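Fold and contact review
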Amino acid sequence: MSRDDATMNERDESTDLDSPAADATPAVVAARTADEPPDTTEIRELAAAAGYAVVGSVTQRREEDPTYDLGRGKAEELMRLAADTDAEAVIYDGSLSPGQTFSLGDLLPTGTAVIDRPRLVLELFADAADSRAADRQLELARLRYELPRLREAVARDAAEDVRLQPEGDSRVLDVEKRIESAERALDEISGDRAARRTERRDAGFDLVALAGYTNAGKSTLARRLADDVADAEPEDAPTDLAAALSVGGRPFETLSTTTRRATLGGRRALLTDTVGFLDGLPHESLRSFRTTTEAVRRADCALLVVDASDEPDALRRKLRASLTAVEATDGPVIPVFSKSDEVSADGLAAAVEAYEAAVAELDAGDAPVVDSLLSPIPVSARDESGLADLTEAVADALPTATATVEASNGGDAQAALSWAYDRGVVAAVDYDGETVTVDLAGRPEVVAEAERRLTGAVGEAADGGE
Ligand SMILES: Nc1nc2c(ncn2[C@@H]2O[C@H](COP(=O)(O)OP(=O)(O)OP(=O)(O)O)[C@@H](O)[C@H]2O)c(=O)[nH]1
Ligand SMILES: [Mg+2]
């Protein structure tokens, strides 16, 4: 496959991706991009993962055209290429407005599907949805995508046939109703999740979440750090690390948030793996994937996983796209450089430099980024390097309180102590005759409750003695 350039249309004789399945749908990729040379690698990978065989491409560097996004001349070239290659779909690397989608569809050979980037991603998601929350979120994202396009279709029909009434069209009303119902279902799921987070914190667990671009290595890292599966959703989520490391890196491997137990620097944590981010997804699509956003925002500590083996340009682009994931978090964010086994020491230094420059750029620009995003911790799930540094950094970042409590030794103190052990906050115990001295360390609210119970035990013992 030769690289596209600003003026080139090409028919691909072969692609550098795995050979497409025999039943793959032939498709032409089109992109309007400022990059020089235009880079269609990611859209081709997404297309291949969604079951398309890319048979050609058209790219252009210019301002957006209101009718086709591409300029008219370029759109006509696209039409000819689609006809010549018998493409059944045009995959557009960007978001098309409903009007642009229809105009392009009208121009292309009859029956050619127009699939822009958000729609392609929805198709990919459809293959991966594997839980009730993922299904609901996917449905909502799809309906939100469809609604403006349906309104456009209804308006177009009405323009052609004056007897039709675009207002109150039953298909539009139906989609609106389904959006409301999916939103209600998600509110419920999100309420359940919030309640579950409270229960887990009360039980002494720290909540740690992994966020980052799709394919960054989040799930593999989560499996590597995990003790066991706490409440995988789906229940049969793959736990075999060797198998995970051998998978080819399909985008959107993970669509459900999966939570596992992990002991991180001595802390008992619940580690939540989340859906990967992707460049060029419209805001409403991201909004639909609320359980991911909430798991990260409400965590005690979030890990931003960045693929260290990416080229600087890709690294910068992906960082921008995944940043919304770590905005407005309650807890600190720790940047992690994954797949460090794939880069040399020099390569790693160059990647860190590119990453930190990108963070500094973001800081100066639209997104307020804190200093904590600098100095990523390099790790490898493959050779396990850096994992100790990472778990130590997480333990340091978690909310921590310490207390030393003296209690009179007895049944009440033992009950309080056992309560504290169950929640993982007992650092040391020292028995001295009638008294027991307990060093507590861990989640502040749990330490406070343990202290109350232990000193309560003192009080009750004293009361009992009178
Ligand atoms: N060399 C190397 N490859 C890794 C490492 N960690 C993950 N990978 C590979 O990177 C690819 C993506 O890994 P995943 O863990 O599925 O990535 P993810 O971020 O969960 O991806 P999504 O679920 O799609 O968002 C897989 O092919 C892994 O085998 C690592 O430490 N070293
Ligand atoms: Mg994953």
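Residues numbered from 1 in each chain as written. Chains lettered and ligands numbered in written order. Predicted model: local features only at pLDDT ≥ 70, side-chain atom pairs only at ≥ 80, totals over all residues. Heavy atoms only, no water.

The name an unreviewed UniProt entry assigns to the protein chain is GTPase, from the organism Halorubrum ejinorense.

Moving on to the environment of Asp86. Its place among the elements puts Asp86 in the loop between α2 (72–84) and β4 (89–92). For the pair Asp86 and Val28, spaced 58 residues apart in sequence, the C-alpha separation works out to 9.3 Å. (Helix = DSSP H or I, 4+ residues; strand = E, 2+ residues; numbered from the N terminus.)

Time to look at the packing of aromatic side chains. Under the defined criterion, the tally for this structure stands at one aromatic pair. Stacked on the ring of Tyr145, the Lys or Arg Arg149 has its end atom at 3.8 Å from the ring centre. (Phe/Tyr/Trp six-rings, centres within 6.5 Å; stacked < 30°, edge-to-face > 60°. Lys NZ or Arg CZ within 6 Å of the ring centre and 35° of its normal.)

Turning our attention to the packing of helix α6 (residues 170–202) against helix α10 (residues 290–297). Contact geometry for α6 and α10: axes closest at 10 Å, N-to-C directions at 25°. With respect to their mutual orientation, α6 and α10 come out roughly parallel. By crossing handedness, the relation of α6 to α10 is classed as right-handed. Along the contact surface, α6 presents Leu186, Asp187, Ile189, Ser190, Arg193 and Arg197, while α10 presents Arg290, Thr291, Glu294 and Ala295. Per-class residue counts for the contact of α6 with α10 are three nonpolar, two polar and five charged. (Axes fitted to C-alpha atoms, helices over the stretch in contact; angles between N-to-C directions. Parallel < 35°, antiparallel > 145°, perpendicular 65-115°, else oblique. Left-handed = near helix turned anticlockwise from the far one by under 90°. Contact = heavy atoms within 4.5 Å. Nonpolar A, V, L, I, M, F, W, Y, C, P; charged D, E, K, R; others polar.)

The next point concerns the pairing of strand β6 (residues 206–212). Most of β6 sits inside the fold, with seven of its seven residues counted as buried. Neither face of β6 is open: one carries Asp206, Val208, Leu210 and Gly212, the other Leu207, Ala209 and Ala211, and all of them are buried. Relative to strand β9 (residues 267–273), β6 runs parallel, the two being bridged by five bridges. Its bridge partner being in β9, Asp206 is matched across the sheet by Ala269. One ladder, built from five bridges, connects β6 with strand β10 (residues 301–307); its direction is parallel. If you follow Val208 over to β10, its bridge partner there is Cys301. (Buried < 20%, exposed > 50% of the residue type's maximum accessible area, 1.4 Å probe, protein only. Pairing = 2+ DSSP bridges.)

In this model, helix α14 (residues 411–422) (12 residues) spans 16 Å end to end at C-alpha, consistent with the 16 Å of a helix rising 1.5 Å per residue. All of the buried residues in α14 are Ala413, Ala416, Leu417, Trp419 and Ala420. For α14, the angular spread of buried residues about the axis comes to 155°, placing them on one side. Among the exposed residues of α14, those pointing more than 90 degrees away from its buried face are Gly411 and Asp422. In the stretch just after α14, Gly424 is the one whose phi turns positive, near 70°. (Expected span 1.5 Å × (residues − 1). Arc of directions from axis to C-beta.)

Here we come to the sheet that holds strand β15 (residues 435–442). Strand order in the open sheet formed by three strands is β13-β15-β14, and the pairing between neighbours is antiparallel. Strands with a single pairing partner mark the edges of an open sheet, and in this sheet they are β13 (401–408) and β14 (426–432). Taking each pair of neighbouring strands and ignoring which way they run, the sheet shows an average axis angle of 10°. Looking at chain direction, β14 and β15 are connected through six bridges and run antiparallel. Directly across from Asp430, in β15, lies its bridge partner Thr437. Strands β13, β14 and β15 of the sheet are contacted by α14, whose axis makes an angle of about 160° with β14.

On inspection of all chains with the given rule, the structure shows 31 salt bridges. With a shortest N-O distance of 3.0 Å, Arg72 and Glu76 are connected by a salt bridge. Linking Arg72 with Glu76, this pair stays in helix α2, spanning four residues, or about one helical turn. A salt bridge links Arg443 to Glu445; the nearest nitrogen and oxygen atoms lie 3.1 Å apart. With a relative accessible area of 4%, Arg443 lands in the buried category. (Salt bridge = Lys/Arg side-chain N within 4 Å of Asp/Glu carboxyl O.)

What follows concerns the side chain of Thr274. Within the secondary structure, Thr274 sits in the loop between β9 and α9 (283–288). Judged by relative accessible area, which is 1%, Thr274 ranks as buried. Only 2.6 Å separates the side chain of Thr274 from the backbone oxygen of Leu210, close enough to count as a polar contact. (Polar contact = N/O pair within 3.5 Å; in protein donor to acceptor, adjacent residues only side chain to side chain.)

Attention shifts here to the environment of Pro332. In this structure, Pro332 sits in the loop between α11 (312–322) and β11 (333–338). As for Pro332 and Ser372, which are separated by 40 residues in sequence, their C-alpha atoms are 7.7 Å apart. With residues near it in sequence (within four places) discarded, Pro332 still touches Asp300, Cys301, Ala302 and Ala397.

What follows is about the pairing of β11. Within β11, six of the six residues are buried, which leaves the element mostly enclosed by the surrounding structure. Alternating residues of β11 divide into Val333, Pro335 and Phe337 and Ile334, Val336 and Ser338, and every residue in both groups is buried. Sheet topology places β10 next to β11; six bridges connect them, and they run parallel. Note that in β11 the partner of Asp307 across the bridge is Ser338. Since β10 and β11 lie parallel, the crossover through α11 that links them has a hand, and here it is right-handed. Pairing between β11 and strand β12 (residues 377–378): two bridges, direction parallel. Paired with Phe337 across the strands is Pro378, a residue of β12. (Right-handed = clockwise from strand over helix to strand, strands pointing away.)

Where like charges cluster on the molecular surface, the negative patch consists of Glu406, Asp430, Asp432 and Asp439. As for its position among the elements, Asp432 is in strand β14. Residue Asp432 is classed as exposed on the basis of its relative accessible area of 56%. (Patch = residues over 30% accessible without salt bridge, like charges linked within 9 Å, V, L, I, M, F, W, Y side chains within 5 Å. Areas by Shrake-Rupley, 256 points an atom, 1.4 Å probe, with all protein chains shown as cover. Lys, Arg positive; Asp, Glu negative; His and termini not counted. Charge placed at Lys NZ, Arg CZ, Asp CG, Glu CD.)

A separate point is unusual backbone geometry. Notably, Lys339 is not glycine yet its phi reads approximately 60°, a positive angle. Turning to its location among the elements, Lys339 is positioned in the loop between β11 and α12 (345–364). Residue class for Lys339 comes out partly exposed when judged on its relative accessible area of 23%. With a phi close to 55°, Ser375 is a non-glycine residue in the positive phi region.

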